[in-house]
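# Examining the three-dimensional arrangement
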Amino acid sequence: MITLYHGSNVKIEAIRLDLCSPYKDFGKGFYLTNIEEQARQMAIRRTRIAGEGSPCVTAYTFDERLLKDTTLQVKIFDKPSKEWALFILANRKGMAEQHYDIVVGPIADDGVAFQLERYMRRMITLDTLVEELTYRKLNLQYFFGTELSISKLQKL
């Protein structure tokens, strides 16, 4: 079992996918991290952006063996790659056909967003984009995009 954390400006009583924002790295869904401090910083940032609420971190347990379970559609990006970068770009533009229950991969933070923008403006090639991102220490994010995947999270 792994503990995953979600940072928000509101207390999460129940996960509601209909309230999740679209155009995120891995699509519209519920995002978590395995790093509590990262979730705390996201909660602070989200509260500042929303201008209301207060930082709140909610913890969940998840059985990692389910990532290999064939009843779930899972995509894992071990590190930045061409496929990862193109997947993020498509999701952020709302052009991806999302069919995964769970996606795990590096977070496209502000530095990554800057490089993605350079690529979209054709200032760098896809190869250069991946090279630039390969040497960055990127934390993982866990995306849960379906009710089936959400049902596998147990709130602590």
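Note that residues are indexed from 1 along each chain, following the sequence as it is written. It should be noted that, the model being predicted, local features are given only for residues of pLDDT at least 70 and side-chain atom pairs only at 80 or more, the latter also being counted only at that level, while totals for whole chains, interfaces and linings use all residues. Hydrogens and waters are ignored; side-chain quantities use all the structure's heavy atoms.

## Examining the sheet that holds strand E7 (residues 154-155)
What links the strands of a sheet is backbone hydrogen bonding, and the strands pair in either a parallel or an antiparallel sense. Paired strands, in this sense, are two strands between which DSSP finds at least two bridges. Segments assigned H or I by DSSP are reported as helices when at least four residues long, segments assigned E as strands when at least two residues long, and all are numbered from the N terminus. The strand order across the open sheet formed by three strands is E1-E3-E7, and the pairing between neighbours is antiparallel. Each having just a single partner strand, strand E1 (2-8) and E7 make up the two edges of the open sheet. Contacts between helix H1 (residues 36-50) and the sheet are confined to E1 and strand E3 (56-62), with E1 contributing the most and set at about 15 degrees to the helix. Whether two residues touch is decided by their heavy atoms; if any such pair falls within 4.5 Å, the residues are in contact. Here the axes come from fitting lines to C-alpha atoms, over the contacting stretch only for helices, and the angles between their N-to-C directions go from 0 to 180 degrees.

## Details of the environment of Ile 107
In this fold, Ile 107 is placed in the loop between strand E5 (102-106) and helix H3 (110-120). Through-space distance from the C-alpha of Ile 107 to that of Asp 25 is 7.6 Å; in sequence the pair is 82 residues apart. In this structure Ile 107 touches Asp 25, Gln 38, Trp 84, Val 112, Leu 138, Asn 139, Leu 140 and Gln 141, once residues within four positions along its chain are discounted.

## A short note on the environment of Val 57
Its location among the elements puts Val 57 in strand E3. Taking the C-alpha atoms as reference points, Val 57 and Tyr 5, 52 residues apart in sequence, are found 6.5 Å from one another. Those residues in contact with Val 57 that sit more than four places away from it in its chain are Tyr 5, His 6, Ala 39, Arg 40 and Ala 43.

## Topic: H1
In a regular helix each residue adds 1.5 Å, so 15 residues correspond to 21 Å; H1 covers 21 Å between its end C-alpha atoms and thus fits that length. Categorising residues by exposure relies on relative accessible area from a 1.4 Å probe, with only protein chains included: less than 20% of the type maximum marks a residue as buried, more than 50% marks it as exposed, and the intermediate range marks it as partly exposed. Listed as buried for H1 are Gln 38, Ala 39, Ala 43 and Thr 47. As for H1, its buried residues are in contact with E1, E3 and strand E6 (140-144). Directly after H1, the chain includes Gly 51, whose backbone phi takes a positive value near 70 degrees. Expected helix span is taken as 1.5 Å per residue step, with the number of steps being one fewer than the number of residues.

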